[in-house]
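# Geometric and topological summary
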Amino acid sequence: MTLLLAAHPLVHVNASLNSLATVLLLLGLYFVKHGRIEAHKRTMLAAFGVSIAFLACYVWDHMQVGRVEFTHSGPVRYVDYSVLLS
């Protein structure tokens, strides 16, 4: 039998904020490539704001949960480290 633990609600908030930041960055790239500089500027500021919100939620989450060990081995461990480093 597999035991499934419910994820902390902030995990979903963090994933959503990260996804939104990615969409905003891609949208900003589109705007700048098409010469829409003012739209690019607003989109980049929004992406920055969402990234700050993500960082605040991420730090808060880890302050509440504490240290979480990454238990997988192999290449996925290095992918995780590279994502965290970025």
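Position labels on residues start from 1 in each chain and follow its written sequence. Thresholds applied to this predicted model are a pLDDT of at least 70 for local features of residues and 80 or more for the giving and counting of side-chain atom pairs; totals over whole chains, interfaces and linings are not thresholded and use all residues. Side-chain metrics in this entry use all non-hydrogen atoms of the structure; hydrogen atoms and water are not considered.

## Points about the overall build of the chain
Assigned secondary structure in the chain consists of three helices and zero strands. Every helix listed is a DSSP run of H or I at least four residues long, and every strand listed is a run of E at least two residues long, numbered separately from the N terminus. The order of helices and strands in the chain, counted from the N terminus, is α-α-α. Each residue is assigned to one of three classes by its accessible area relative to the maximum for its type, calculated with a 1.4 Å probe on protein chains only: buried under 20%, partly exposed between the two thresholds, exposed over 50%. Within the chain, the proportion of its 86 residues that are buried is 16%. Long-range contacts, defined here as pairs at least 24 residues apart, represent 55% of the contacts in the chain between residues at least 6 apart. Within the structure as shown, the chain displays about 7,100 Å² of accessible surface, and the carbon and sulfur contribution to it stands at 69%. By definition, residues are in contact when any of their heavy atoms lie within 4.5 Å. What sets the accessible areas is the Shrake-Rupley method with a 1.4 Å probe; for residues, cover comes only from the shown protein chains.

## Comments concerning a nonpolar patch on the surface
On the surface, Leu26, Leu29, Val32 and Ile37 cluster together into a nonpolar patch covering about 360 Å² of accessible area. Looking at the nonpolar patch, the element that brings in the most residues is helix H1 (residues 9-33), giving three residues. Tracing the chain through its elements places Leu26 in helix H1. Overall, the relative accessible area of 55% leaves Leu26 in the exposed class. Without a salt bridge and with relative accessible area above 30%, a residue can belong to a patch; like charges are then joined within 9 Å and nonpolar side chains (Val, Leu, Ile, Met, Phe, Trp, Tyr) within 5 Å. Just to be clear on terms, a salt bridge is a Lys or Arg side-chain nitrogen sitting within 4 Å of an Asp or Glu carboxyl oxygen.

## Some words on the nonpolar core
Formed by Leu10, Leu17, Ala21, Leu24, Ala47, Val50, Phe54 and Cys57, the largest nonpolar core amounts to eight residues. Residue assignment for this core shows that the elements contributing at least two residues are H1 and helix H2 (37-65). In contact with Val50, not counting residues within four places along its chain, are Leu17, Leu20, Ala21 and Leu24. Here the nonpolar core consists of buried residues drawn from Ala, Val, Leu, Ile, Met, Phe, Trp, Tyr and Cys, with membership extended through side-chain atoms lying within 4.5 Å.

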